Structure formats: structure tokens, C-alpha cells
Protein chains: 2
Amino acid sequence: MEVVKRLKALLKEISVINSSVSLMHWDQRTYMPSKGAETRAEALGYLSALSFRKLISPEMGELLETLSSKNDSTSLSDLEAALVRVVKHDYEKAKAIPPELYQKFVITSSKSQTAWEKAKKENDFASFSPYLEEILKLLREMVEFYGYEEDPYDALLDNYEPGMTTSKLEHIVSELKPKLISLIENLSAHAPIDDSFLKGKFSKHAQKKLSMEALKCIGYDFNAGRLDETIHPFTITIGTGDVRVTTEYKLSEFIASLYGTIHEGGHALYEQGISPELKWTLLDSGASMGIHESQSRMMENIIGRSYEFLSFFYPKIQRAFPKTLKDVPLESFYRAVNKVKPSYVRIEADEVTYNLHIMLRFELEKALINRELEVKDLPDAWNAKMNEYFGIVPPSDSLGVLQDVHWAGGMIGYFPSYMLGNLYAVQFFNSALQEIPELKKEIAAGKLSTLREWLKEKIHKHGRIYKPEELCKRATGEELSPRYFIDYVEDKFRRIYGL
Amino acid sequence: MEVVKRLKALLKEISVINSSVSLMHWDQRTYMPSKGAETRAEALGYLSALSFRKLISPEMGELLETLSSKNDSTSLSDLEAALVRVVKHDYEKAKAIPPELYQKFVITSSKSQTAWEKAKKENDFASFSPYLEEILKLLREMVEFYGYEEDPYDALLDNYEPGMTTSKLEHIVSELKPKLISLIENLSAHAPIDDSFLKGKFSKHAQKKLSMEALKCIGYDFNAGRLDETIHPFTITIGTGDVRVTTEYKLSEFIASLYGTIHEGGHALYEQGISPELKWTLLDSGASMGIHESQSRMMENIIGRSYEFLSFFYPKIQRAFPKTLKDVPLESFYRAVNKVKPSYVRIEADEVTYNLHIMLRFELEKALINRELEVKDLPDAWNAKMNEYFGIVPPSDSLGVLQDVHWAGGMIGYFPSYMLGNLYAVQFFNSALQEIPELKKEIAAGKLSTLREWLKEKIHKHGRIYKPEELCKRATGEELSPRYFIDYVEDKFRRIYGL
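Residues numbered from 1 in each chain as written. Chains lettered and ligands numbered in written order. Predicted model: local features only at pLDDT ≥ 70, side-chain atom pairs only at ≥ 80, totals over all residues. Heavy atoms only, no water.

All names here are of chain A. Look at helix H6 (residues 99–122): 35 Å from first C-alpha to last across 24 residues, which is about the 34 Å you get at 1.5 Å a residue. Three or more residues of H6 are buried, namely Leu-101, Phe-105, Thr-108, Ser-109, Ser-112, Ala-115, Trp-116 and Ala-119. Tucked into the core, H6 has its buried residues touching helix H7 (125–146). (Helix = DSSP H or I, 4+ residues; strand = E, 2+ residues; numbered from the N terminus. Expected span 1.5 Å × (residues − 1). Buried < 20%, exposed > 50% of the residue type's maximum accessible area, 1.4 Å probe, protein only. Contact = heavy atoms within 4.5 Å.)

This is the structure in C-alpha cells:
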């Protein structure tokens with residue numbers, strides 16, 4: 001069909017430009033010399049706009065219109081029909097916002113991030129609040145253009161988690177929150193776990209070697225990617241056959257870097273597992289932020305912090321840092337990397353407390369968008385919730401409401417993806433456990449290929465063909481439910497703490 | 001002026017796309033994982049074509065037409081007038097060739113390079129000759145489209161050295177060739193120089209450190225570039241403030257890598273010195289291949305292999321490789337890196353023999369284009385000239401007519417740039433010597449900033465504003481003359497050989 005061919009050609013154009021943008025981003029954060037920054041920003045701006053203009057071009061509109069009309073759509077293959085469906089959603093989302101409004105939002109977000117950096121450094125929320133107010137104002141306008149059924153916040157959620165709604169999230173939160181708070185209380189009553197041996201001096205060379213071993217162990221293909229250093233680690237796909245991971249090495253501790261690398265490796269396995277059929281189609285990426293996060297969190301936590309995986313991998317860690325770890329038994333190490341402790345900062349949180357950090361943000365950003373909370377009252381509201389969920393109050397806004405870049409960057413509606421990722425991860429892993437009876441034994445033997453093939457078949461290869469909800473049903477037979485996560489953390493951490 | 005603005009906007013678009021293409025090329029030859037190759041080739045093909053289409057677009061034609069008409073051109077600034085002049089030349093060159101012919105040429109060159117690689121490996125000229133014949137046929141067609149005044153070969157020369165002609169080149173060759181042949185005969189009559197200590201074991205770490213020291217010494221700005229490893233070293237500009245150098249380290253010898261790095265550093269200084277005013281205009285690169293080569297050869301040979309520079313830099317080399325060099329005096333090292341010896345392979349040639357390798361190629365490719373030589377007779381013609389100029393005949397075509405990629409890649413007319421580079425280099429350096437009386441002393445003290453500023457002022461900052469001929473006149477007060485080069489090599493090498 002001629003029209004399908006034309007659509008594919010246009011999608012390839014957009015994808016190629018996006019590929020060049022990705023390479024520029026990767027280079028900017030790894031190897032670019034400092035004096036190239038200004039030129040790079042201009043090039044990125046131009047190419048991103050070019051790609052965006054092609055996505056919302058009249059040609060794209062006409063092709064999608066033709067292909068989604070009844071007469072034509074019946075002759076489409078399943079893949080082609082998915083192509084039209086997904087790209088049409090992208091197109092409509094992108095077209096919904098008037099260009100001037102979108103432009104204003106991009107500029108404001110950029111300025112706001114700069115203001116946030118300064119405010120965080122100087123612990124000065126007041127200096128940042130006008131920017132956040134402006135971002136909220138613009139987002140409230142955008143929400144009306146996007147449209148929504150029940151809650152304005154739904155429209156923002158949909159940007160990161162297609163199909164997710166506020167009410168579904170609230171349902172999950174209401175089930176999960178009390179269980180977590182009660183579990184944390186129980187664990188806190190016990191003697192704290194000793195993890196003092198995780199601090200010390202750890203050479204970059206040994207850390208790098210260990211990170212590469214970990215990536216190889218989970219099945220990351222180094223012929224289709226690489227590992228480099230950066231400040232804020234990320235995974236990026238340059239194109240089919242080229243999915244790159246980055247990490248940061250700190251000399252005084254290695255856990256953050258090692259588990260950070262495994263986390264990024266989980267993202268990378270997803271992208272490396274996408275079907276080559278989807279190359280250059282815009283469908284060759286993750287189904288949603290939440291599904292993506294499920295893959296990284298599964299590798300980092302469910303696998304990486306499991307007793308089975310460590311019984312295979314901990315000897316390698318000991319060999320990397322013999323001075324510090326040769327006399328630390330596996331059991332102690334396992335407990336140390338699974339220590340539960342309420343903390344101020346989300347990115348340092350353990351598996352049990354992490355989701356509460358997300359709920360707090362979800363509740364606050366929803367209230368902000370709906371004008372149920374004013375920006376000036378945000379720090380107090382933050383601290384009150386910290387006290388309610390964890391029994392601690394951050395000593396400064398820098399360690400509290402100012403800790404994350406997301407709101408400054410206009411990414412409201414993003415945080416829930418992290419929680420959803422944790423929940424999807426356990427639910428997917430449970431299905432895998434049922435279908436692969438020897439899975440835990442395999443993990444203890446350092447064999448992750450059966451699991452990886454299962455993930456590829458059920459999740460990775462489909463790219464963006466299915467919405468998260470459908471993908472979850474196809475992979476696990478049911479809708480997302482927090483029950484699996486609750487059982488998982490209760491079982492795992494009660495055991496570790498000997499309850 | 002509205003039209004100038006529109007032209008500049010279009011040039012910026014083309015430049016930004018070219019910048020992304022450059023980054024992709026750099027990445028392809030340094031860090032790209034192997035499985036990303038296919039996707040990268042597609043992306044490069046698409047973006048290169050996009051840039052080319054914008055250059056030959058009707059919009060570009062109209063803008064240039066308007067701006068070069070008499071009424072409008074009078075109101076242009078000098079810079080704007082140069083912009084119109086240079087871009088018009090690019091536009092006309094690009095438009096001259098019918099797209100189908102150009103497409104055919106690109107495909108043939110690509111296939112031909114693959115055939116050449118195999119032929120070189122298997123020492124099988126016959127298997128490569130049909131490809132070379134096809135390339136010559138296409139180039140002869142293209143030459144007619146480009147147009148020329150005297151010699152068809154002029155049209156090809158102009159692609160690499162705007163304004164250069166066959167007759168000017170022949171004039172240079174006729175003056176230079178007999179002098180070089182006679183000098184080589186004289187030097188060959190003397191006892192050969194001992195350079196045995198240049199072979200050994202040289203760690204990559206020490207070589208890398210030394211290469212970085214050398215680049216710093218000549219004034220390469222590492223905040224506006226970087227040094228990476230590759231197989232076939234090159235310098236590439238990603239954009240203003242980002243000019244990258246690459247090198248290859250061999251463990252059995254370090255001279256090729258060290259001088260290769262300095263050579264690339266000379267190219268990089270040129271690009272780093274271009275005026276920021278020329279950013280995104282297509283004028284922000286070198287005036288020609290020959291002028292570019294003059295900057296690399298000056299740093300590599302006139303500076304890098306000078307007694308003055310080595311009296312400063314050799315102690316650093318000794319410190320890098322103390323085992324091999326601690327007992328080798330400066331004088332011996334200086335003589336070793338300036339050893340003159342007829343050789344089969346151009347890229348291994350010394351300063352005296354190098355230009356004869358070029359003359360040989362120039363004479364043969366000119367004869368091929370003009371049908372004065374048939375491809376089947378090329379190997380014999382090659383060997384006859386080798387015998388005539390050097391008194392040696394290569395033992396195989398792989399070490400003879402098949403050694404270079406240029407003809408296989410369709411780059412006929414390129415070789416003379418290397419010779420012109422050598423001649424320009426000496427002529428520029430002589431002018432600098434006259435205007436900076438303390439220059440040799442400065443070089444001996446490792447101070448290259450005065451020379452670099454002089455080069456920046458006279459050559460670098462102008463980018464492509466002036467044609468090579470005019471640039472040479474402005475920098476040295478006269479046209480290019482081989483006299484300076486002849487005096488330079490006669491003086492330098494008679495001294496070294498004690499004649």
C-alpha cells in the first residue's frame with residue numbers, strides 16, 4: 001500500500017533525526033569538550049524542532065487520517081494498525097498544544113531548572129517558587145488542550161504512562177500505603193543492620209571491571225552498546241544495535257555505582273530486546289516510563305539484591321575489593337544491601353520506603369495542578385507528609401521539596417512511573433517464576449538467559465505496540481495489582497529482619 | 001537585509017545537519033559498537049542527502065541569485081559578499097552534476113573501495129581495474145558538466161584546491177622535480193643514518209601521555225577538543241568550540257603515532273583558529289585541502305622535526321621511554337627522525353621524497369583522465385616512474401599502484417593538495433620567520449604562541465573567505481613558489497647529512 005509506505009518513510013525521517021539527537025545527547029554527557037556546549041545546544045534545538053515539525057506536519061496528519069479511516073484500516077497488518085494507532089496518539093498529543101504555548105513551556109522549564117539548581121544549592125525555596133507557579137499555570141492550560149475525562153492530572157499522567165488515570169493510581173495507593181507504613185514501623189523496631197563495610201576506598205578501575213561483569217552477567221550485549229562515565233547516569237538508544245549505558249564511580253563507595261549500572265542495564269536490555277521489525281518506526285522504544293522502570297528495577301532489586309544472585313555474584317565483588325570484603329560473609333553483605341531505613345532523599349531509598357516517596361510526590365503534584373495546594377504552602381505540606389509516612393522531617397528544603405529536578409523541568413505526572421515500575425516489576429517476575437520453575441536456581445548459578453528470553457518474548461520485543469495495561473495483561477494474565485509487591489516486600493524483609 | 005538573513009538561516013540549517021553528520025562520523029570511527037554500523041550507515045546516508053538537498057534547493061538558488069545581482073550586492077558587507085561568493089561556488093559545483101550521475105558516482109565509489117581493499121590484500125590489480133575504469137568514465141562525464149578552461153583535469157583539481165590548474169601545477173613540478181631527484185642522489189651516496197633505536201616496546205599509556213603533551217605544546221585547546229584512538233587517524237570539527245583529534249598507537253614504535261598526532265594537531269589548530277563570526281556559515285572550515293595540509297605539515301615537519309623543537313621536546317620523549325632512549329643523544333634522535341630514504345609507500349615517506357610520490361600520482365591520474373594512459377597499463381607506468389624518481393621498483397602492486405585508497409574512492413585530483421601543502425607550509429613559515437625574529441629561539445623554548453597567533457591572523461581566522469591563491473598572497477606577499485621549499489630541504493638535509 002502506497003500510503004503505508006509513505007507513512008513509514010516519514011517515520012524513518014523522524015527516527016533518523018531523533019537518532020542524531022540521541023547521539024548528541026550521549027556525547028554531551030560523556031565526551032563533549034566544554035567549549036562545544038553552546039554550539040551543541042543550538043544544534044540540539046534545531047534538530048529537535050525539525051523532528052517535531054515533521055511529526056505534526058500536514059503530511060503526517062493526512063497519512064494518519066487516511067490510514068485510520070475504516071475503508072483503509074481493514075487492509076492493514078496488525079503491525080501497521082499498531083503503527084497508525086500509536087503514532088496517531090503521538091501526533092494528537094503533539095498537535096493539541098498551540099506552538100506558542102509549547103514554546104513558552106519549553107523556555108520556562110529551561111529557565112526554571114537553572115533557578116532550581118541555584119535554589120537547591122542555597123536552600124532557598126522562595127526564589128524558585130515563582131518558576132514553579134509559572135510552570136503550573138502553563139501545565140493547567142496545556143491540560144485543557146490535551147483534554148481528560150475525570151481529573152486534569154490524568155492528561156499529564158498520560159504523557160508518561162498511556163492509559164493510567166488518577167483514580168486507578170489512588171486505588172493502588174490506598175491499598176499499598178498502609179501496608180508499607182506498618183511494615184516500616186515493624187522493621188524500625190528491630191536492631192539496625194550493619195552496613196559500615198560498604199564505605200571505604202574503592203578504585204575506579206576495579207569498579208569499572210565489576211560493572212562490566214555485572215552487565216555481562218545480566219546479558220547486556222557489548223557489541224550492541226557500551227559503558228561510559230557521566231555525572232547523572234542514563235541509558236540511551238542511538239539506534240537499532242546501539243544502546244548505551246552510563247554510570248558514575250565514587251571512590252568512597254561502590255554500591256550506588258554497581259546497582260546504578262545494573263539498573264541502567266535493565267533499561268538497556270529492554271531496548272536491546274525490541275524487535276528489529278520496529279526499526280525506524282517510532283515504536284522501537286519502551287511502552288511507557290513505568291514499564292521501562294519495571295525492567296530496570298527488576299534487574300537492580302528483584303534480581304540484583306536477591307540472595308540467589310548475590311550467592312553467584314558476591315564472590316566477584318569480594319575479589320574486586322578483597323581488602324574491605326574478604327572477611328564479610330555473603331549473609332552480611334546481603335543484609336547490608338537490603339537495609340531498610342527511612343531517609344530524606346528518594347534516590348537513596350530502599351525497596352520498602354521508595355514507593356512512599358513517590359506517593360508523597362503524587363499527592364502533592366495532583367493537589368498543585370488542581371489548585372488544592374498553593375506553591376507557598378508546598379514546603380510545609382512536604383514536611384508534614386514526610387512526618388506522617390516516615391516519622392522524620394528533612395532539616396532543609398534542599399533535602400526535602402527541592403531535592404528532585406522533575407517539577408523544575410515541567411515533568412509533573414512523571415513520578416508515579418517509578419512506583420508503577422516497582423509494582424510491574426514484581427508482577428512480571430512472579431509470572432516468570434511460575435513459568436520457569438528452575439528460575440531461582442538458574443539465578444543462583446548466574447544464568448539469566450531464560451528469564452531474559454521470557455522478558456524479551458513477553459515485553460521487550462513489542463516495543464510500543466501495546467499500552468502498558470494490555471502488555472501487563474498479556475504478560476501476566478491480569479491487570480496491574482499492588483498485591484504482588486506487598487507480598488514480595490513483606491516476605492523478603494520480614495525474613496531479612498527475622499520477624 | 002531580509003534576503004541575507006534568509007540565506008544565513010538556510011546556511012545554519014545545513015551547518016547544523018553537517019554537524020550531526022560529523023559527530024556520527026567521529027563516533028563511527030572511535031566508540032560506536034559494531035552492531036550499530038548498519039543503522040549508522042542509514043542515518044548518515046539520510047542526513048548527508050538532506051544537507052545536500054538543502055544546498056541545491058531552489059530557495060538557495062533564488063537567494064544567491066538575488067544577492068549576487070548588481071543592485072543587491074553593493075549593499076553587502078565584505079563578509080556577506082564572501083559568503084555569497086563562496087556558497088555560490090559550492091552551489092554551482094553541486095548543481096552542475098545531474099543527480100542520477102552523482103548518485104551513480106557515489107555508489108560506484110563505494111563498491112570500488114570494497115573491491116580495492118580486496119585487491120590490495122590479494123595483490124590483484126586486475127580485479128580492481130574494471131572499477132577504476134568505471135570511476136574514470138564517470139569522472140570524465142562529470143568534468144564536462146563542471147566545465148574547464150584548458151584541461152579536463154582542472155575541473156577535478158578545483159574540487160580540492162579552488163583556483164589551482166594543471167598548468168600551474170606542471171610549472172611547479174618542472175621546477176621542483178629535478179632538484180629533489182638530484183638531492184636524493186646526493187644524500188643516498190652518504191652513509192645511512194642509524195634509527196634502530198626507534199623500534200622497541202612503547203606502552204600505550206606513555207605514548208598517549210606524550211601525544212597529549214605534544215598537542216598542548218603546539219597550543220591545541222583541550223577545552224575545545226579531545227584526543228581519541230582510531231584505526232586511520234583524522235581530525236574532525238563537530239562545530240565551533242569542538243575540534244577533535246584522533247591517533248593510533250602501535251606498541252612496537254611511537255614515531256608514527258607521535259608525529260601523526262602533531263600532524264592532526266596542525267589541522268586542528270587551523271579549525272580552532274577560525275573566526276567565530278563564520279560559525280554556521282559553511283565558511284567555517286579550511287580554504288582548501290592544500291592550505292589545510294600546510295598547517296598539519298608545518299607542525300609535523302617544519303616544527304616537529306626541527307632541531308629547535310626537539311631540543312625542547314626530546315627530553316620529554318626520553319622521560320616517556322627512558323629504557324630505550326636515555327642514552328640516545330638529541331643529535332642522534334634528530335637525525336633519526338629526519339632520515340631520508342626512498343621508499344615504496346607514500347605515507348611512510350620523508351620530507352625530501354614525499355613530493356615525488358605526489359608528482360608520480362599527479363602525472364598518472366592526469367594521463368588517465370585525458371585518455372593518454374589506459375588502466376591496464378597503469379601498474380607498469382607506476383613502476384617505471386618509481387624507478388625513474390627513486391631508483392627502486394615495488395615488489396608488488398600492493399606496495400605500488402594499489403597502496404592508496406584515493407583513486408578507489410573517486411578522489412582524483414586530491415593528491416596534489418599534499419604537495420601544495422608542503423610548499424605552502426614552508427612559504428608561510430618563512431614569512432613568519434621574517435616577521436618574528438625571535439621565532440627559532442621561541443620554538444627552542446617550547447613557546448609556540450607567537451607563531452600560532454601569526455598563523456591565526458594570517459590564515460586560520462579567515463576560514464574559506466579567501467581562495468588559496470589570495471590567502472597566500474595576503475600572508476606572504478607573493479604567489480606560491482616552490483623555491484622556498486627547495487631552499488628549505490636543501491639547507492636542512494645537506495646539513496644533517498654533512499654535505
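Once the structure has been displayed, the description carries forward.
All right, on to the packing of aromatic side chains then. In this structure the tally under the stated criterion is 40 aromatic pairs over all chains. Ring centres of Phe-202 of chain A and Phe-321 of chain A lie 4.9 Å apart, and the angle between their planes is 80°; on these two criteria the pair is classed as edge-to-face. Of this pair, Phe-202 of chain A sits in the loop between helix H9 (166–188) and helix H10 (204–218) while Phe-321 of chain A sits in the loop between helix H13 (307–320) and helix H14 (322–325), and the two are 119 residues apart along the sequence. This pair shows no difference in class: Phe-202 of chain A is buried, exactly as Phe-321 of chain A is. On the numbers, 6.3 Å between centres and 80° between planes, the contact of Phe-125 of chain B with Phe-128 of chain B is edge-to-face. (Phe/Tyr/Trp six-rings, centres within 6.5 Å; stacked < 30°, edge-to-face > 60°.)

On to the interface of chain B and chain A, then. Contact with chain B, which involves 39 residues of that partner, is made by 39 residues of chain A. Counting the surface lost from both chain B and chain A, the interface buries some 3000 Å², and carbon and sulfur atoms represent 58% of this. Counting the contacts that link chain B with chain A gives 12 salt bridges. For the interface between chain B and chain A, the tally reads 24 residue pairs in polar contact (both at pLDDT 80 or more). Counting residues per element, the ones that place at least two in the side of chain B that touches chain A are helix H1 (2–28), helix H2 (37–55), strand E2 (235–239) and strand E3 (242–247) of chain B. For the side of chain B that touches chain A, the element with the most residues is H1 of chain B, which contributes 10 residues. When its residues are assigned to classes, the side of chain B that touches chain A shows 16 nonpolar, 10 polar and 13 charged. (Buried area = accessible area lost by both parts, 1.4 Å probe. Salt bridge = Lys/Arg side-chain N within 4 Å of Asp/Glu carboxyl O. Polar contact = N/O pair within 3.5 Å; in protein donor to acceptor, adjacent residues only side chain to side chain. Nonpolar A, V, L, I, M, F, W, Y, C, P; charged D, E, K, R; others polar.)

With that out of the way, let us pick up the domain arrangement of chain A. Residue and element names in this part refer to chain A. Under the domain assignment used here, chain A contains domain 1 (2–147) and domain 2 (166–496). Measuring from the centre of the C-alpha atoms in domain 1 to the corresponding centre in domain 2 gives 26 Å. Domain 1 puts 40 residues into the contact, and the matching count from domain 2 is 38 residues. Summed over both partners, the interface of domain 1 with domain 2 buries about 3600 Å², with 66% contributed by carbon and sulfur atoms. Sorting the residues of domain 1 by area buried against domain 2 places Trp-26, Phe-125 and Arg-140 first, and these three jointly supply 19% of that buried surface. Between the two partners, domain 1 and domain 2, sit one salt bridge. Two residues, Asp-90 and Arg-464, come together in a salt bridge whose shortest N-O distance is 2.8 Å. The tally of links from domain 1 across to domain 2 stands at 18 residue pairs in polar contact (both at pLDDT 80 or more). Of the residues forming the side of domain 1 that touches domain 2, the biggest block, 11 residues, is contributed by helix H1 (residues 2–28). The residue inventory of the side of domain 1 that touches domain 2, partitioned by class, reads 21 nonpolar, 11 polar and eight charged. (Domains from an automatic or database assignment.)

On to the sheet that holds strand E1 (residues 227–229) of chain A. All names here are of chain A. The strand order across the open sheet built from three strands is E1-E3-E2, with neighbouring strands paired in mixed fashion. A single partner strand is all that each edge strand has here, and the edge strands are E1 and strand E2 (235–239). Averaged over all neighbouring strand pairs, the angle between strand axes comes to 30°, with direction disregarded. Sheet analysis places E2 next to strand E3 (residues 242–247), joined by four bridges and oriented antiparallel. The residue of E3 that forms the bridge with Thr-235 is Val-245. Together, E1, E2 and E3 form the strand contacts of helix H11 (residues 255–272), whose direction differs from that of E3 by roughly 165°. (Pairing = 2+ DSSP bridges. Axes fitted to C-alpha atoms, helices over the stretch in contact; angles between N-to-C directions.)

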